[in-house]
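Structure at a glance
Listed below, chain by chain, are the residues.
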Amino acid sequence: MFQWSKKVVKSVTFNPEVADESLLAVVENYLEKQPDKTFSDLCKEALWQTLCVPESVKPGLKTAATGAVEQKIDDLQCQVADLEERFFAKESNRLEGLERQVLQLTQQLAHLAIMVTERPVVYSSPPPVPAVEAVNPTATTPPPPPSYPVNPPEEADPLISRLSQYLDDF
């Protein structure tokens, strides 16, 4: 009996006859539509069919179960891609919202700094407390009203004045 080595290469010859050229054109067309198959695969399938080998013995042929698994994998890949798209869209919207809030807060801070620098800070003394006259028959003059120390107006908060310098530059 003929013994083959581990890997055997056999060749197929197509003659310049009409039948062989037609067969070669059909083979090339089929292989273009099936990029995952090779000429070797096609020859093996044809030999299996021609020699009437039972399906259970044939190696590497896709079964319905394999096709179902591949379909599930494709579905899961589509779901993952859809989930990623929705996640990135949601995060993008969230980031845009935060950027709008930061811009709004910056504008409000600038407006407050302008208000602080335009208005002078005025400190008022507490309202005078009316003096209660004590009924004392021996006293002829009422006691002098209590005096409150009036502090001179202080400067604005140093932190605000420093920030206003930066806002003016901004």
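No experiment lies behind these values; they were computed from the predicted model shown. (Residues numbered from 1 in each chain as written. Predicted model: local features only at pLDDT ≥ 70, side-chain atom pairs only at ≥ 80, totals over all residues. Heavy atoms only, no water.)

Digging into the overall build of the chain
Counting its secondary structure elements, the chain contains 4 helices and 0 strands. Tracing the chain from N to C terminus, the helices and strands come up as α-α-α-α. For the chain, buried positions account for 5% of its 170 residues. In the chain, of all internal contacts separated by at least 6 residues, the share reaching a separation of at least 24 is 42%. When the accessible surface of the chain is split by element, carbon and sulfur atoms take 61% of a total near 16000 Å². (Helix = DSSP H or I, 4+ residues; strand = E, 2+ residues; numbered from the N terminus. Buried < 20%, exposed > 50% of the residue type's maximum accessible area, 1.4 Å probe, protein only. Contact = heavy atoms within 4.5 Å. Areas by Shrake-Rupley, 256 points an atom, 1.4 Å probe, with all protein chains shown as cover.)

So, the pattern of salt bridges
Tallied over the full model, the rule gives 3 salt bridges. Measuring nitrogen to oxygen at the nearest pair gives 3.4 Å for the salt bridge that ties D82 to R86. Linking D82 with R86, this pair stays in helix α3 (residues 64–118), spanning 4 residues, or about one helical turn. As a salt-bridge pair, R94 and E91 come within 3.5 Å of each other at their nearest N and O atoms. With a gap of 3 residues between them, R94 and E91 both fall in helix α3, about one helical turn apart. Residue R94 is classed as exposed on the basis of its relative accessible area, which comes to 52%. (Salt bridge = Lys/Arg side-chain N within 4 Å of Asp/Glu carboxyl O.)

Regarding helix α1 (residues 18–33)
Compared with an ideal rise of 1.5 Å per residue, which puts 16 residues at 22 Å, α1 spans 23 Å between its outermost C-alpha atoms and is within 8% of the ideal. Three or more residues of α1 are buried, namely D20, V27 and L31. One face of α1 carries all of its buried residues, which in axial projection span an arc of 30 degrees. Turned more than 90 degrees from where α1 packs its buried face, V18, V26, E32 and K33 sit exposed. (Expected span 1.5 Å × (residues − 1). Arc of directions from axis to C-beta.)

What to know about a nonpolar patch on the surface
Together, L159, L163 and Y166 make up an exposed nonpolar region whose accessible area comes to about 330 Å². Along the polypeptide, Y166 turns up in helix α4 (residues 158–169). Classification of Y166 by relative accessible area gives exposed; the value is 59%. (Patch = residues over 30% accessible without salt bridge, like charges linked within 9 Å, V, L, I, M, F, W, Y side chains within 5 Å.)

Remarks on the layout of surface pockets
One number sums up the size of the largest pocket: a volume of about 390 Å³. Surrounding the largest pocket, 12 residues form its lining, V8, K10, S40, K44 and L47 being those nearest its centre. Of the residues that constitute the lining of the largest pocket, the class distribution is 8 nonpolar, 2 polar and 2 charged. (1 Å grid on protein atoms, 1.4 Å probe; cavity = no way out; pocket = protein on both sides within 12 Å on 5 of 7 lines; lining within 4 Å. Points joined across faces, edges and corners; volume = space filled by probe spheres on them. Nonpolar A, V, L, I, M, F, W, Y, C, P; charged D, E, K, R; others polar.)

Geometric descriptors of this kind do not, in isolation, establish any biological role.
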